[in-house]
Amino acid sequence: MAVNSLPVTLKNITKIFIDPHSKSRVVAVDDISIRINAGELVTLLGPSGCGKTTTLRMVAGFELPTKGKIFVGDNEITMLLPNQRDTAMVFQSYGLFPHMTVAQNVGYGLKIRKIPKNQINKKVNEILDLVGLSDLGDRPPARLSGGQQQRVALARALIVEPSVLLLDEPLSNLDALLREQMRIEIRRIQKSLGITAIYVTHDRIEAMSLSDRIIVMNKGKIAQVGSPSEIYINPASEFVAGFIGKATFFPVKIDSVELGVARVFLDDKEIRIKRGAKETEGSETGRILTRPESLKLVEKGTGQITGTVKYNVYLGNTVESYIQTKFGELMAQIDNPAINKIYDEGKQVDIEIKPEISKLFASE
Amino acid sequence: MFSKKKIIIFIILAFFVLILDFWIFNTLKTDFIKTVEEMYETNAQSIADGAPRNPEDVQNWINNLQLQEGNSVLYIVGSPFSVKDLYSISENERLTEYFNKNKESPEFLDAMESSAYGEKYILSDSVKIDNNKKMIIFVPVTDPEWWETVGTLLISFDQKPINDFTDLLNVFAIAIFSLFVIVYFFGKFTRDPVTNYLIIIIFVIIGIFIAFPLYQAVKLTFLENGSFSLDLWVKILTKGQYLEALWGSVKLGLITATCSTLIGYLFAFSVTRMRLKGKKFFSIMATLPIISPPFSLTLSIILLFGNNGLITKQLLNISDSISIYGLGGLVVVQTMGMFPIAFLTLSGVLESIDSTLEDAALNLRASKWQTFRTVTLPLSIPGIASSWLLVFTTSLADFANPLMLAGKYKVLSVEAYMEVTGLNRLNYGAALSLLLLVPTATAFLLQRYWVNKKSYVTITGKPSARLTELTNKPTKAFLITAMVLVTVFLISLYGTIIAGCFVKNWGIDYSFTLENWPEALSRGKDAIFDTLTLAAIATPIAGILSMLVAFIVVRKKFIGKRLLEIGVMIPFAVPGTMIGISYILAFNTPPILLVGTASIIIINYIVRELPVGVEGGIAVLKQMDPAIEEAAQDLGAGPGRIFRTILLPLIRPAFISSLSYTFVRSMTAVSAVIFLISANWYHMTVLIYNFSENLRFGLASVLSTTLIIIVLAVFGLMRLLLPKNDLLTKTITK
C-alpha cells in the first residue's frame, strides 16, 4: 500500500452551535489554528466538551466551521462534503455495515471508487492481512469480537488510501488489555504506512503512548501543543498539568528570581526551582506543581512538609503512599518498594519536593 | 461558497434565463391568442354569412341563433355610411347598452367605415361586459347581389378561455423560472444539493396536497357569495341538528373508547401477565379486526341483528321492538372493530412492566390484589389513557360504520357526507368536518404530547421472561370466560359474512346457493381491479416517500424541519371525511384539475398513509447508529447511494411493514375515497356499501370476503418477506 500523506492545516477555526432547546449559542471550538505535518500522528486530547471531536468532524466534513479554513496539502476543503474529501475516519462506535460481511465492509469504499472487482478482492485481502483478520472476511461484523470489529473499521478506512486518517476515540469501547494491544497496533500500522493521522481521545495514557505530538484542548481552545514529554514535564498551565497526570500544588512565596533560578518559600522552607522560574519574574506568590514521583518521603525533620501516613496502596512495582498534610491529602509514589523504605500507616513523615521534576507557576 | 464570481455568474444566468423564459412564453401566448382570434374571425364570418339581409328577419334570426355560452351578437341594421340612421337589435341588453354608449366613439366610427368597405374590424382592446372580458369583432353583412353592406354584426366573444390559458402559461413561466433559480441556487451555493432538493420537493408536496386543500376547505366555510362571512358558522352552531350530530359523535366516541379500553385491557392483561394456554390464538383474535375491511363487521351485525336479521327476526322475532340501527349497534360494531387498538397499545405497555416490581411488592407482603392495585395498574395508567384517546379519535373519525348503521342517530362524519352528496352543499360539509376536527385533534394532541410523556415504560426496560401470577383461580376463570365470549362473538361475526356468501336471500330464503359468487365477481370485477391497481400504484410511492421523509427528519438539520414534520403528520389527525371534502374542493378547478382521475385517489392514499410509514421509519432510524451512514459517506458515498446501499437494507422491516400497511389501508379505505371515486375509478368498499344499501347482502358478503382474503394474503406475504434475522437489529442499534 502506498499512501500519499499530506499535511493538514486548520486556520482560525471557530464552530458555534445553536442549542436546540435554549436557542443559545455554544462556542464549541474557539478560533484555533493547527498544522499537522505529513506522516505525523497528532492527538487531540481534552476533557469531554472541549471541542476535540467537533474539530475532527470538521476535518472529516461532518460539521462545517462557522469561521476559518481547512486545508489538506494546498487544497482548501472547508466546504466540501465528507464524500468529496480525501479523508477516512474510524468511528468511536465503528459504524460497521451490519448487513455486509467483513470483506464487503472493507471493500465498500473501493466499490464506490469503481475499482474493478478482482482488484478490490486483492486489496481487501492485503489489508485484512495487515490488520490480522485474513480468515474472517466472510463473517458478518456482529460475529466478531470488539477488537476484531475495531480492526475492520481501521481496515475499511485505510483501504481507500486516504491522505489523512481520522480516529475518533477508536479504543473507548474496548477493555483495558485490548486497548493496550490496539494502541500498539494502530501506531505500528500508522508508522509503516507513513500516513498523516489525527487521533481524538480523552485518555492521557493513550495520547502519550501514541502521539508524535499532543494538542491539549480545553473549552474550545488549544491549551498546549507539544510532544508527550514536553507536555508532561513542562505543562503550559495548571489545567494541562492536572489533565496530563496526577498533580499536587503547593502555594509558595517567591523571594527572588536570579539567573533562571527561583528562590521560593513553602511556609519557611526554602526551595530553589528552575522550571517556570522566568515566567514568574515579578510575581510575589506562586504555586509549585509536583507529581507523585517528585514527592520523596524522608525522616521527620528533614523535609519541607510534615504529615501523617494515612494508608499505603501496594501496586507491585510501586507503592502509593497517601499522606495527610496541612495542604490536604496527597500521594507520594515510592518506586522499588523492595529497596526503598515504606513508612507504616499512622507514622509521622516529612516530604521532600524534588525541584528537578516540579514546576513553578505564578498565581493568577 | 458565496464567492463574488459565483454570485455574479448566478445573477447573469438568472437574468438570461428570465429573458428566455419570458420570450418563449410570450411567443406561445401571442401565437395562441392569434390562433384563437383567427378562429373567432372565421366563426364571426360564418355567423355573418348566415345573417339575414332583410331587416325584418333580424329579430327572428337573433332569437333562434345558437351561440356558445358567453358569446353574443348585436345586429346593426342599415348601411354603415349613414351612421345617424342606424339602430341595433340584440338579445343581450348589456351589449346594446354598450353599443349605444360607444357608437359615436372614433374607434366605432372606424369600425363602421371598415364595415362599409366590406371588411372585418377587431377592437384593439378587450371590453368588459357583464363582468367578463370580451373580444369585439365587427363583421359586415353584405348583399351578395350588389356587394353592398346592408348591416353590421357586432359580435362579442368570451375571452375567458383565452385568459384561463394565458394564466396557465403564466403559472408555467413562473414555475419554470423558479425551478431554475432553486435548482441552480441549491446546486451551486449549498453543500448538499440532493438533500435540499428533496426537502423542497417534500415541502411542495405538503403545500399542494395537504395544506392547500385544507386551506380551501377552511376558506370555503368563511365565504358567502365570494366575501368573508360568519353566516355559515352561525347557522351551524345555532341549529340543533348539527350540534346534535356533534354530541352524537362525541357520545359514541366516549362509550366506544371506554368499552374498547376495558376489553383491550382484559385481553392484554390475560395475554401478558397470566400463565395461559392459547395466548397466541387470543392475541391473533384480538388483532384481527384491525385489518378487517370496513363494512364487514357492520354487514354481519345487520345480517344477525338487523330488521331481517337471523337472530332478531328468525330466532327471537323481536326485530319490531329492538333496532340495531343507532347508538347501541354502533357501539357494538365500533368496539369489536377498535378494541384491537387498545389491545396492541396496552399489551405493549403491560409487557414491558418488569415482573421484578410485582415480586418486590409481594415480597413486602402485599396481597396479589394489592400488588395489582398498587403496582401493575398504576404503571399501566399512561397506557390506558393513551389507548382510550386513540380509540376515541378513531371512533370520531369513523365513517363506514355509522354510514350503514347510524339510522336516525346523527354523527358528524356522516352528516358531512350527506351535506355534500345529498344536498350538494360543500361548504356545510366542510364546516361539519371542521367541527369534527376539534375533538379529534384535541384527543390526538393529548395522546401525543401529554400522555406519551408520562409513560413509565421506558424506565422499566426490557420485557422479562419470568412471570409472576397475580390472579387467583376464580379471577382467572372469569377473565378467560370473558375472552372466550368476545372471541366467539367475533368468530361468529366473520362466520356470518362467509355464510352470507352462500345464502340465496338473507332474511327470507336461507337456501344454499353459489350464485352470489359469479354475479358479485362479474359486477365487482372492475371495482376490484381499480382498487387493486390504485393501491398497487400508491403503495411503493408512499413507502419510498415515507422512508425519505423519515430519513431527512431524523438525520438532517434544516430550517423549517418542525413545520415539515407537522405538515406530514396532519393527515393523521384529520378525519378522512375532511380530507375527501377538501380534495374535491381544491382539485376540481385549474390549474390542478384532478377530480375524476385516478391520480386524485392515489395522491389521497399516499398523503393519508404517509404519517404511519414516516413514524415507523423514524422509530427505526432513531435506533440506528448515525456512524453507519457517516462511515459510508466518509468512504465516498453520496446521499442516493447511502439511501440505497445502507439505509434501505437496514430499515427493510419498517419499509416492508409500511408497504403492506399502506396497501391494506388503501384497499380498505372509505371515508375520503367515497368523495373521490368516479365512474372511471371505483372502489370495492363503496361497491360493498352500495350492495348492502340495496339489500343485496349476498353480493356484499362475497365482496367483503374477497377483500378479507386479499388483505390476509398481503399480510401473509409480508411475514414471508420480513427477515427473521435479529442479528441485524441488534447490531445497528447504538
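Rules used in this analysis
- Throughout this document, residue positions are counted from 1 along each chain, in the order its sequence is written.
- Here the convention is simple: chains get letters from A, ligands get numbers from 1, in the order in which they are written.
- Predicted model: local features are reported for residues with pLDDT of at least 70 only, side-chain atom pairs are reported and counted for 80 or more only, and whole-chain, interface and lining totals are derived from all residues.
- Hydrogen atoms and water are omitted, and side-chain values are computed over all heavy atoms in the structure.
- Segments assigned H or I by DSSP are reported as helices when at least four residues long, segments assigned E as strands when at least two residues long, and all are numbered from the N terminus.
- A 1.4 Å probe rolled over the protein chains alone gives each residue an accessible area, and that area as a share of the maximum for its type sets the label: buried under 20%, exposed over 50%, partly exposed in between.
- Any two residues whose heavy atoms approach within 4.5 Å are treated as being in contact.
- Note that accessible areas follow from Shrake-Rupley with a 1.4 Å probe, and for residues the cover is restricted to the protein chains shown.
- When charges are tallied, Lys and Arg are placed among the positive residues and Asp and Glu among the negative ones, while His and the ends of the chain are skipped.
- Lysine's charge is taken at NZ, arginine's at CZ, aspartate's at CG and glutamate's at CD.
- Between any two strands, at least two bridges found by DSSP are needed for them to pair.
- As a rule, the C-alpha atoms of each element are fitted with a line to give its axis, helices using only the stretch in contact, and angles between N-to-C directions run from 0 to 180 degrees.
- The term buried area refers to how much accessible surface (probe radius 1.4 Å) is lost by two components on association, counted for both of them together.
- Any carboxyl oxygen of Asp or Glu within 4 Å of a side-chain nitrogen of Lys or Arg constitutes a salt bridge here.
- Put simply, two rings from Phe, Tyr or Trp (the six-membered ring, in Trp's case) pair if the centres are within 6.5 Å, and we call them stacked under 30 degrees between planes, edge-to-face over 60, tilted for the rest.
- Only when the NZ of Lys or the CZ of Arg is both within 6 Å of the ring centre and within 35 degrees of the ring normal is a charge said to sit over the ring.
- What marks off one domain from the next here is an automatic or database domain assignment.
- All amino acids are sorted into three groups, where Ala, Val, Leu, Ile, Met, Phe, Trp, Tyr, Cys and Pro are nonpolar, Asp, Glu, Lys and Arg are charged, and the leftover types, Gly among them, are polar.
- Two kinds of site are reported from a 1 Å grid over the protein atoms alone, namely cavities, where a 1.4 Å probe fits but cannot get out, and pockets, open sets with protein on both sides within 12 Å along at least five of seven lines, and residues are called lining when an atom falls within 4 Å of a point.
- Grid points are joined across faces, edges and corners, and a volume is the space filled by probe spheres set on the points.
- The arc refers to the directions leading from the helix axis to the C-beta atoms.

A.B. asks: Run through the overall build of chain A, naming residues and quoting values.
C.D. replies: Counting secondary structure elements, chain A contains eight helices and 20 strands. By its C-alpha atoms, chain A is 80 × 45 × 45 Å across when sized along the principal axes. Across the 364 residues of chain A, 51% fall into the buried class. Within chain A, counting contacts between residues at least 6 apart in sequence, those at least 24 apart form 67% of the total. Here chain A has roughly 16,700 Å² of accessible surface; of this, 48% comes from carbon and sulfur atoms. A gap of 5 Å separates the mean positions of the 47 positive and 42 negative side-chain charges of chain A.

A.B. asks: Tell me about the sheet that holds strand β18 (residues 328-335) of chain A, and please be specific about residues and values.
C.D. replies: Residues and elements named next belong to chain A. Taken together, the five strands give an open sheet; going across it, the order is β15-β19-β16-β17-β18, and neighbouring strands pair in antiparallel fashion. Strand pairing shows two members of the sheet lacking a second neighbour, β15 (295-298) and β18, which therefore form its edges. Shown here is a sheet whose adjacent strand axes are inclined to one another by a mean of 45°, direction ignored. Two elements, strand β16 (residues 305-314) and strand β17 (residues 318-325), share seven bridges in a ladder whose sense is antiparallel. Paired with Y314 across the two strands is V319, which belongs to β17.

A.B. asks: Outline the interface of chain A and chain B, listing residues and values.
C.D. replies: In this complex, chain A contributes 33 residues to the contact, which on the side of chain B involves 25 residues. Buried area between chain A and chain B, summed over both chains or domains, comes out near 2,500 Å², and the portion from carbon and sulfur atoms is 61%. Sorting the residues of chain A by area buried against chain B places N83, P98 and H99 of chain A first, and these three jointly supply 22% of that buried surface. The interface formed by chain A and chain B contains one salt bridge. The closest approach of N and O atoms between E630 of chain B and R57 of chain A, which form a salt bridge, is 2.6 Å.

A.B. asks: I'd like to hear about the packing of aromatic side chains, residue by residue, with values.
C.D. replies: Per the counting criterion, the structure on display carries 38 aromatic pairs over all chains. Pairing Y40 of chain B with F157 of chain B gives two aromatic rings, centres 4.2 Å apart and planes at 5°, and the pair type is stacked. With a gap of 117 residues between them, Y40 of chain B in helix α1 (residues 4-50) and F157 of chain B in strand β6 (residues 148-158) connect regions that are remote in the sequence. With centroids separated by 6.0 Å and ring planes inclined at 10°, the aromatic side chains of F222 of chain B and F228 of chain B adopt a geometry described as stacked. Residue F228 of chain B is classed as exposed on the basis of its relative accessible area of 62%. Taken together through their ring pairs, the aromatic side chains of Y98, F99, F108, Y121 and F138 of chain B make up a single cluster. For the cation-ring pair, R291 of chain A lies above Y232 of chain A, with the distance from its terminal atom to the ring centre recorded as 4.3 Å.

A.B. asks: Talk me through the pattern of salt bridges; I want residue IDs and the actual numbers.
C.D. replies: Per the counting criterion, the structure on display carries 25 salt bridges over all chains. Between E169 of chain A and K52 of chain A there is a salt bridge, and its shortest N-O distance comes to 3.8 Å. Placement of the pair is E169 of chain A in the loop between β7 (164-168) and α5 (176-193) and K52 of chain A in helix α1 (residues 52-60), with a sequence separation of 117 residues. A relative accessible area of 4% means that K52 of chain A is categorised as buried. Residues E629 of chain B and R555 of chain B are paired through a salt bridge, measuring 2.7 Å at the closest nitrogen-oxygen approach. A residue pair is termed long-range when its members are at least 10 positions apart, and E629 of chain B in helix α24 (residues 626-634) and R555 of chain B in helix α20 (residues 516-555) qualify at 74 residues. Judged by relative accessible area, which is 7%, E629 of chain B ranks as buried.

A.B. asks: Explain the environment of I311 of chain B to me, using residue names and the numbers behind them.
C.D. replies: All names here are of chain B. Secondary-structure assignment places I311 in helix α11 (residues 310-315). By relative accessible area, which is 24% here, I311 ends up partly exposed. It is 9.9 Å that separates the C-alpha atoms of I311 and G507, two residues lying 196 residues apart in sequence. Contact partners of I311, with chain neighbours within four places excluded, come to L304, F305, L316 and N317.

A.B. asks: Account for the domain arrangement of chain A, with residues named and values stated.
C.D. replies: Residue and element names in this part refer to chain A. By domain assignment, chain A separates into domain 1 (8-240) and domain 2 (246-362). Computed from C-alpha coordinates alone, the two centres of domain 1 and domain 2 are separated by 39 Å. With eight residues of domain 1 at the interface, the matching set in domain 2 holds nine residues. Interface of domain 1 and domain 2: buried area, both sides summed, is about 780 Å²; carbon and sulfur atoms make up 45% of it. The interface formed by domain 1 and domain 2 holds one salt bridge in total. Note that E238 and R287 form a salt bridge whose closest N and O atoms lie 3.0 Å from each other. A breakdown of the residues in the side of domain 1 that touches domain 2 according to their chemical character gives four nonpolar, two polar and two charged.

A.B. asks: Go over the pairing of strand β3 (residues 41-45) of chain A, please, and point to the residues and values.
C.D. replies: Residue and element names in this part refer to chain A. The element β3 is extensively covered by neighbouring structure, given that five of its five residues are classed as buried. Judged by which residues are buried, β3 turns out to be covered on both faces: L41, T43 and L45 on one side and V42 and L44 on the other are all buried. Alignment of β3 against strand β8 (residues 196-201), held across five bridges, turns out to be parallel. Note that in β8 the partner of T43 across the bridge is Y199.

A.B. asks: Quick rundown of empty space enclosed by the protein? Include the residues and the values.
C.D. replies: Residues and elements named next belong to chain B. Within the structure shown, the criterion is met by five cavities of 30 Å³ or more. Contributing to the lining of the largest cavity are I202, I205, I206, I210, L545, V549, V568 and L610. Looking at the lining of the largest cavity, the elements that each hand over two or more residues are α6 (193-221) and α20. Broken down by element, the residue count for the lining of the largest cavity peaks at four residues, all from α6. Grouping the constituent residues of the lining of the largest cavity by class yields eight nonpolar, no polar and no charged.

A.B. asks: Pulling in residues and values, what's your account of helix α7 (residues 231-238) of chain B?
C.D. replies: Residues and elements named next belong to chain B. Residues of α7 that are buried include every one of L232, W233 and I236, and no others. Axial view of α7: buried residues confined to an arc of 95°, hence all on one face. On its buried face, α7 is in contact with α6, β7 (223-224), α8 (240-273) and α17 (426-451).

A.B. asks: Summarise the domain arrangement of chain B; cite the residues concerned and give the values.
C.D. replies: Each assigned domain of chain B is listed here: domain 1 (51-158), domain 2 (191-238 + 514-734) and domain 3 (240-493). The C-alpha-based centres of domain 1 of chain B and domain 3 of chain B are spaced at 73 Å.

A.B. asks: Kindly report on the pairing of strand β14 (residues 285-290) of chain A, identifying the contributing residues and their values.
C.D. replies: Residues and elements named next belong to chain A. With six bridges connecting them, strand β11 (residues 248-258) and β14 associate as antiparallel partners. Bridge pairing in β14 places K253 opposite T285. The pairing of β14 with strand β20 (residues 359-362) spans four bridges and is antiparallel. Counterpart to I288 in the pairing with β20 is L360.

A.B. asks: Give a detailed account of the sheet that holds β20 of chain A, specifying residues and quantitative values.
C.D. replies: Residues and elements named next belong to chain A. Strand order in the open sheet formed by five strands is β13-β12-β11-β14-β20, with antiparallel pairing between adjacent strands. Each edge of the open sheet is held by one strand with a lone partner, namely β13 (269-273) and β20. Strand-to-strand, the axes of this sheet are offset by a mean angle of 40°, without reference to chain direction.

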